[in-house]
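# Breakdown of the fold
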Amino acid sequence: MLRTLAALASITLTAPAMAQEEEAPDAPSPATILDAASAEDWVMIPPEDLLVMTLAPDQDGDPREVVIQLMPEPFSQGWVENIRTLARARWYDGISVNRVQDNYVVQWGDPGHDNPESGEVDTKPLPEGLRVMEEEDYLADPPFGGGNSPLTHYQGQPTASSPTRVSGRIAFRGNPAWIGESYWKGFPIAGELTPHGFPVWPVHCYGMVGVGRGYSPDTGTGAELYTVIGHAPRHLDRNIALIGRVIDGMEQLSSLPRGSGALGFYTEEEADKRTPILSIRVAADLPEDDQPRFEYLSTTSATFARYAEARANRRDPFFIHPAGGADICNIPVPVRAVTNGGPE
């Protein structure tokens, strides 16, 4: 594995020059590449892996809905199981958005739980049977098998042997250790080669959903959740559980009024700013006609490799210089809604 990663690093160092040489005036934009994607390039998300969160209507009476895709195995599965349990117990019904911190997170849950600004509010009892997770569960073993990790920094053109190696930066870290980033089933992940193994973990990009918790060793249950609404807070990686990402309705959360209390919590005087959450349901539990249907672009497809390269090194007419690479959070995995007749 060391030899493999070292070879990948040498490719990384030469890629910016290659990208400059291959620049073409008529290079397709990321949107053009997506428009040309075949049906086989898209992966349907099972309804068991979708949450539908219904907020109270807005001030004009218009409905508000948010769809969350839950994290696939092997990541955060204990918390994901808890979240399905909470949703099916209808525990989330009647909770609220309690914290909106600018350029950081929106957090929702029981307004009486661990909320320093809520005043005297009773805490809602949790259902029985929730799992208690350990801090080691923030990490997972590599899911891709074999000795060769797909985690590497992607710059320049993809190769036939590694068309989807797209990432943020590889860097020496200490003793020596390698760190790289890529994707797993549509989610951004990172991994690090250490003397003790090769742990991997999901990363905090815009729209990712995590589990609120107290001080260590508390790891949270899934009753308190948040989503990232600002610049990717990567310092939270490996310090808190990520359980999914918002794939539709993000504007319903990112546009909410900011709280003026500590950490963006709404103060007792701002109680009217808390947005009620009417319900959160597992999509598989809804009537079939009401189940949302979404697909993501397969991160193992050649189309995704072209899309990611175009995002990392824009060459369409507006751009003057290709960047030579991009942070993984600047290459979001495309998701689209579908109907029985095809994409919406």
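Since we're looking at a predicted model, the values are computed, not measured. The residue count restarts for each chain, going from 1 along the sequence in the order it is written. Local features are withheld for residues below a pLDDT of 70 in this predicted model, meaning they are given only at 70 or higher, and side-chain atom pairs are given and counted only at 80 or more; totals for whole chains, interfaces and linings count all residues. The basis for every side-chain value is the complete set of non-hydrogen atoms in the structure, without hydrogens or water.

Given 3.6 residues per helical turn, the α-helix brings residues three or four places apart onto the same face. Its twelve residues place the ends of helix α3 (residues 77-88) 16 Å apart at the C-alpha level, agreeing with the 16 Å of an ideal helix rising 1.5 Å per residue. Relative accessibility under 20% of the residue-type maximum defines a buried residue, over 50% an exposed one, and the middle range a partly exposed one, all with a 1.4 Å probe and only protein chains included. Each helix is a run of H or I in the DSSP string that is no shorter than four residues. Each strand is a run of E no shorter than two, and both are numbered from the N terminus. Listed as buried for α3 are G78, W79, V80, N82, I83, R84, L86 and A87. The criterion used for residue contact is that any of the two residues' heavy atoms lie within 4.5 Å. Contacts made by the buried residues of α3 are with β2 (50-55), β3 (64-70), β10 (208-211), β11 (225-228), β12 (242-248) and β13 (275-282). Looking at the residues trailing α3, positive phi occurs at R90, about 60°. Multiplying 1.5 Å by the helix residue count minus one yields the expected span of that helix.

Space inside and on the surface of the protein is sampled on a 1 Å grid over the protein atoms alone, with a cavity defined as a set of points where a 1.4 Å probe fits but cannot get out and a pocket as an open set with protein on both sides within 12 Å along at least 5 of 7 lines; lining residues have an atom within 4 Å of a point. Grid points are joined across faces, edges and corners, and a volume is the space filled by probe spheres set on the points. As a volume, the second largest pocket reaches approximately 500 Å³. Contributing to the lining of the second largest pocket are 24 residues, with C205, Y206, C329, P332 and V333 lying nearest its centre. Per-class residue counts for the lining of the second largest pocket are 16 nonpolar, five polar and three charged. Ten residues, namely Ala, Val, Leu, Ile, Met, Phe, Trp, Tyr, Cys and Pro, are considered nonpolar, four, namely Asp, Glu, Lys and Arg, are considered charged, and the remaining ones, Gly among them, are considered polar.

Once that is clear, we can look at a negative patch on the surface. Without a salt bridge and with relative accessible area above 30%, a residue can belong to a patch; like charges are then joined within 9 Å and nonpolar side chains (Val, Leu, Ile, Met, Phe, Trp, Tyr) within 5 Å. Computed by Shrake-Rupley with a 1.4 Å probe, the accessible areas treat only the displayed protein chains as cover when residues are assessed. When a carboxyl oxygen of Asp or Glu lies within 4 Å of a side-chain nitrogen of Lys or Arg, that pair is called a salt bridge. Under the counting rule used here, the positive set is Lys and Arg, the negative set is Asp and Glu, and His together with the chain ends is not counted. Where a charge lies is defined by one atom per residue type: Lys uses NZ, Arg uses CZ, Asp uses CG and Glu uses CD. The grouping of E65, D248, E251 and E344 at the surface amounts to a negative patch. Topologically, E251 is positioned in helix α4 (residues 250-254).

Side chains that differ in sign of charge can pair as their charged atoms come close. Under the defined criterion, the tally for this structure stands at 16 salt bridges. We note a salt bridge from R88 to D285, for which the minimum N-O separation is 2.7 Å. Taken together, the residues R88 in helix α3 and D285 in the loop between β13 and β14 (294-297) connect sequence positions 197 residues apart. Classification of R88 by relative accessible area gives partly exposed; the value is 40%. Classification of D285 by relative accessible area gives partly exposed; the value is 43%. A salt bridge links R234 to D327; its shortest N-O distance comes to 3.9 Å. Here D327 lies in the loop between α5 (302-312) and β15 (335-339) and R234 lies in the loop between β11 and β12, a separation of 93 residues in the sequence. Residue R234 is classed as partly exposed on the basis of its relative accessible area of 23%. You can call D327 partly exposed: its relative accessible area is 31%. Among the charged side chains, a network of salt bridges with common partners joins E48, D49, R84, R88 and D285.

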